[in-house]
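Chain and residue survey
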Amino acid sequence: MGIRGLMSFVEDHSNEFFTDLKLRDTKIIIDGYALFHRLCFSSNLELRYGGDYDSFTDVVEKFFDSLSACKICPYVVLDGGCDISDKKLNTLKDRARETIQMAHSLSVGGGGYVCPLLIREVFIQVLIKLRVRFVQCFSEADRDIMTLANHWNCPVLSSDSDFCIFDLKSGFCPLNSFQWRNVNTIKGTRDCYIPAKCFSLDAFCCHFGNMNKVLLPLFAVLCGNDHVNLPIVETFLSKVENMQRPNTHRISLPIRQVIYGLLVNTPPHPGNVTWYALPPQPPTFSEVERINKNIKTSIVDAVELPKDHSDLSKLTELSLARRQILLLETLKVKQSILDPIPAGLKLPIAVSCYWVQHTEAKAKLHHLQALLLGMLMGPLHAMINSPDEEALQGRGAEMLYEELQRVKAQPGLRLDLDTAHVFCQWQCCLQMGLYLNQLLSAPLPEPDLTRLYSGSLVHGLCRQLLTSASVESLLHVCPEAQQLYEHMFNATRSCAPAELGLPKGKSKKRRQKKRGTPRSENRVGTTLNARSWHEGGNRFELLMVGTLEEHMEAPELE
C-alpha cells in the first residue's frame, strides 16, 4: 500500500519534513480505509476471536467525539471497487498470501494484524449513526481525497505514503502522529485542539535537491508504487480460521452464485441476437481462495435466475414480496419461521438458519447457543440506554449485560481453532447475506452490526456452556431476554440437522445430578407466557412483530 519504505524514510527525517499542528476549527478529509485499520490495530482490541465489534464501535465513537470537541468537521472517503484490469493481480495475490500468514500466526498464538471480516461494514454503520458525512468512491480513493482536500483547503488524515507525493494545499497528517486521545486546551481559553504533525512537500523536495513537484509521480514509479485496493483482498480472506480445513468462504458459495447471477443478468440487445445463435452459457467467475496456507484460483458458475430477474436495472421494480422470496430461498428459510423475530434480527437469524443447515459448518449445540446469546447484547444495550423510565424498572437487563461482559474470553487463553472456524463460517454467511440483501434493496431490514457479534464473548460462552453454565442459568435474571432468546433458538432449531441436538450420554446426567439441578431447569428452552411479552410494560415489546402465542408450543430440544 503506497510506496514501500517511503513512510519509514520520512518518519526518520521527521524533524526535517514535518511541522507541529494544533488542529482545531477546520474541515478534514479522512482516508476511511486507513482510519478503521488504524483504530482496529492501535486500540488493544482482541483480534483472534473474529472481531469484538462492540469494542471497535466504542473506539470509533470516541475518535469522532474528540474531533467534535475540537470543532473539526470530518469528511470520510472510502475506497470502492478494484481496477477492472489485471495489472495489479499479482500484487493482490501477494497481499493475500501475507494476510494468510498473519492469520495463521494469530491462530497459533503468535502476533499479526488481520482485520475482522465485517469491520468495514461496522465502521460504515457507526458513521451513519454519528451522522458523519462519508462517500464511497467507484475505485481507489486517493485522487478523490486529494481533489476534495484542495477544493476545501483542508488537511488529509491518512497513513498512506502516496499522500507524501501529492501536492496538498493544507498538507497531509499521518494517523500515527494524530493524538486524538490527547485532546489539549489552549491556555487561557476553553478551545480544544488535537496535537498532530503535518508533512511538508516543499521540505521533501528540498531534501532531494529542490526536486520539481511535477516529477513526483515519476519518483513514485521508480520507487515501486504498488498500491492496491486491499478491501478486495479482505473480502474473500477470513481473519483467523483452521488452516487445515477448507477455507470458511466455501460455505457461502451458493449465496455468491446468486449475487453473480443478479449482477450479470442484463437482457441481450435485440440487434445482437441472430437465428443461428447458440444458446447462452451460464457465465463463470474466477475466485481466489485459500488452500491450506496458499491461494488458488477457482471457477464458479453464476446461478440462472427467473426471467423477471433478468434486468438488474429493473430489480427494484419487483415487489418487496418477490425480492424477499429470492433472498429467503437463497438462504433456505421459510418466511413463517422469521415471523416472531424482531425486525432487526430477521436477517441474522435467516443467515444462522442457512449456516446450521450446511454440514461443512460442523456447528454444535453450544456454538448455536453462544451465538444467539451474543445477539442479545444489542437489545440489552438499547434497553439500558433507553430514556424511557419504564424500561429501566428492575435491573434484569443491566445485570445480564454485565454478566455477559464478564464472560468474555480473556487474552492469553488458548484459541479453540475448530470453534474459531465455525464462527468464521457464520460471519462469511452473514457478509454475503448482507450483500445480497443490499443488492435486492433490503427486503429485510439491515441489522445493527455494532453489537451483533463479539468474538471474545461467543468464545467465552462456548467455554462456559461446555463446563458449568447453562443458558437458563445465564438468562434467569432477565425473563424478557430469555423469551427473545427462545424465539431465536426455535427459529434456527427448525432448520438444524438432528446432529445439533443435546448429547444424551451418561456424562450429561452425572453433571446434572452433581449440580443437584432438576432436569426441567436445564432444558435449552423454557415455556414462558407469551402474553407477558405484550403486557406489564415488557421492555422488549417494540422489538417484536406478529402474534407470539402460536409459536410457543414448539417441542423442546432434549
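Residues numbered from 1 in each chain as written. Predicted model: local features only at pLDDT ≥ 70, side-chain atom pairs only at ≥ 80, totals over all residues. Heavy atoms only, no water.

**Considering the confidence of the model for the chain**
- Residues of the chain with pLDDT of at least 70 account for 79%, and the chain-wide mean is 81.
- Scored below 50 in pLDDT, residues 226-233 shows 35 contacts in the model against residues more than four places distant or in partner chains.
- Ignoring residues within four places in sequence, the model shows residues 269-275, a span with pLDDT below 50, making 1 contact including any to other chains. (pLDDT = per-residue confidence, 0-100. Contact = heavy atoms within 4.5 Å.)

**Quick look at the nonpolar core**
- Residues Phe56, Phe63, Phe64, Phe178 and Trp355 are the most contacted members of the largest nonpolar core, which totals 126 residues.
- Ranked by residues supplied to this core, first place goes to helix α18 (residues 417-439) with 10 residues.
- Ignoring anything within four residues of it in the chain, the contact list for phenylalanine 64 reads Ile30, Leu35, Pro74, Val76, Leu127, Leu130 and Val132.
- Counting 28 residues, the second-largest nonpolar core is a separate cluster that includes Ala149, Cys164, Ala203 and Cys205. (Core = buried A, V, L, I, M, F, W, Y, C linked by side-chain atoms within 4.5 Å. Buried < 20%, exposed > 50% of the residue type's maximum accessible area, 1.4 Å probe, protein only. Helix = DSSP H or I, 4+ residues; strand = E, 2+ residues; numbered from the N terminus.)

**Notes on the environment of aspartate 160**
- Residue placement: aspartate 160 occurs in the loop between β5 (156-158) and β6 (172-174).
- Using a relative accessible area of 3% as the deciding quantity, one classes aspartate 160 as buried.
- Expressed as a C-alpha distance, the spacing of aspartate 160 and leucine 6, which sit 154 residues apart in the sequence, is 9.7 Å.
- One polar contact links the side chain of aspartate 160 to the main-chain amide nitrogen of aspartate 162, over a distance of 3.0 Å. (Polar contact = N/O pair within 3.5 Å; in protein donor to acceptor, adjacent residues only side chain to side chain.)

**Focus: the packing of aromatic side chains**
- Counting across every chain of the model gives 16 aromatic pairs.
- Geometrically, the ring pair formed by phenylalanine 63 and tryptophan 180 is edge-to-face, given 5.4 Å between the ring centres and 70° between the ring planes. Residue phenylalanine 63 is found in helix α4 (residues 53-69), and its partner tryptophan 180 is found in the loop between β6 and β7 (184-185); the two are separated by 117 residues along the sequence. As far as the burial class goes, phenylalanine 63 and tryptophan 180 line up, both buried.
- Geometrically, the ring pair formed by tryptophan 426 and tyrosine 453 is stacked, given 5.6 Å between the ring centres and 25° between the ring planes. Here tryptophan 426, found in helix α18, pairs with tyrosine 453, found in the loop between α18 and α19 (455-467); they are 27 residues apart in sequence, far enough to count as distant. (Phe/Tyr/Trp six-rings, centres within 6.5 Å; stacked < 30°, edge-to-face > 60°.)

**Describing the packing of helix α11 (residues 253-264) against α18**
- Taken N-terminus to C-terminus, the directions of α11 and α18 make an angle of 25°; their axes are 9 Å apart at the nearest point. With respect to their mutual orientation, α11 and α18 come out roughly parallel. As for the relative orientation of α11 and α18, their crossing is left-handed in sense. Between α11 and α18, the contacting residues are Ile255, Arg256, Val258, Ile259, Leu262 and Leu263 on the first element and Cys429, Met432, Gly433, Tyr435, Leu436 and Leu439 on the second.
- In terms of residue class, the contact of α11 with α18 is made up of 10 nonpolar, 1 polar and 1 charged. (Axes fitted to C-alpha atoms, helices over the stretch in contact; angles between N-to-C directions. Parallel < 35°, antiparallel > 145°, perpendicular 65-115°, else oblique. Left-handed = near helix turned anticlockwise from the far one by under 90°. Nonpolar A, V, L, I, M, F, W, Y, C, P; charged D, E, K, R; others polar.)

**A look at the state of the cysteines**
- Considering all chains together, one arrives at 0 disulfides under this definition.
- Summary of cysteine pairing: cysteine 353 is not part of a disulfide, and the nearest cysteine sulfur, belonging to cysteine 495, is at 3.7 Å. (Disulfide = S-S within 2.5 Å.)

**Description of the packing of α4 against helix α6 (residues 119-130)**
- Between α4 and α6, the least distance of the axes is 10 Å, while the angle of their chain directions is 45°. As judged from the angle between their axes, α4 and α6 are oblique. The crossing of α4 and α6 is right-handed. Packed against α4, whose contacting residues are Tyr53, Phe56, Thr57, Val60, Glu61 and Phe64, the element α6 presents Ile119, Val122, Phe123, Val126, Leu127 and Leu130 at the interface.
- Considered class by class, the residues forming the contact of α4 with α6 number 10 nonpolar, 1 polar and 1 charged.

**Let's talk about the side chain of threonine 330**
- Mapping threonine 330 onto the fold places it in helix α12 (residues 320-331).
- Classification of threonine 330 as buried rests on a relative accessible area of 10%.
- In this structure, threonine 330 is in contact with Pro254, Ile255, Val258, Tyr354 and Leu436, ignoring residues within four places of it in sequence.

**Some details on the pairing of strand β3 (residues 72-78)**
- Here β3 lies mainly inside the structure; 6 of its 7 residues are buried.
- Looking at chain direction, strand β2 (residues 26-31) and β3 are connected through 6 bridges and run parallel. Bridged to aspartate 31 within β3 is valine 77.
- Alignment of β3 against strand β4 (residues 133-136), held across 4 bridges, turns out to be parallel. Across the sheet, residue valine 76 finds its bridge partner in β4, namely phenylalanine 134. (Pairing = 2+ DSSP bridges.)

**Side note on the pattern of salt bridges**
- The tally for this structure, following the rule as stated, stands at 14 salt bridges.
- Among the ionic pairs, arginine 48 bridges to glutamate 46, the shortest N-O distance being 3.3 Å. The residues arginine 48 and glutamate 46 share a single accessibility class, namely buried.
- Note that aspartate 418 is salt-bridged to arginine 245, the shortest N-O span being 3.6 Å. With aspartate 418 in helix α18 and arginine 245 in the loop between α10 (230-235) and α11, the pair connects residues that are 173 residues apart, well separated along the chain.
- Because the salt bridges share partners, they merge into one network encompassing Arg395, Glu398 and Glu402. (Salt bridge = Lys/Arg side-chain N within 4 Å of Asp/Glu carboxyl O.)

**Overview of unusual backbone geometry**
- With a phi close to 60°, lysine 332 is a non-glycine residue in the positive phi region.
- Inspection of the secondary structure puts lysine 332 in the loop between α12 and α13 (335-338).
- Given a relative accessible area of 46%, lysine 332 falls into the partly exposed group.
- Phi is positive for serine 441, close to 60°, though the residue is something other than glycine.
- Here serine 441 lies in the loop between α18 and α19.
- Under the relative-accessibility criterion, serine 441 is labelled partly exposed at 37%.

**What to know about α11**
- Look at α11: 16 Å from first C-alpha to last across 12 residues, which is about the 16 Å you get at 1.5 Å a residue.
- Buried positions along α11 lie against β9 (284-291), β10 (294-301), α12, α14 (346-357) and α18. (Expected span 1.5 Å × (residues − 1).)

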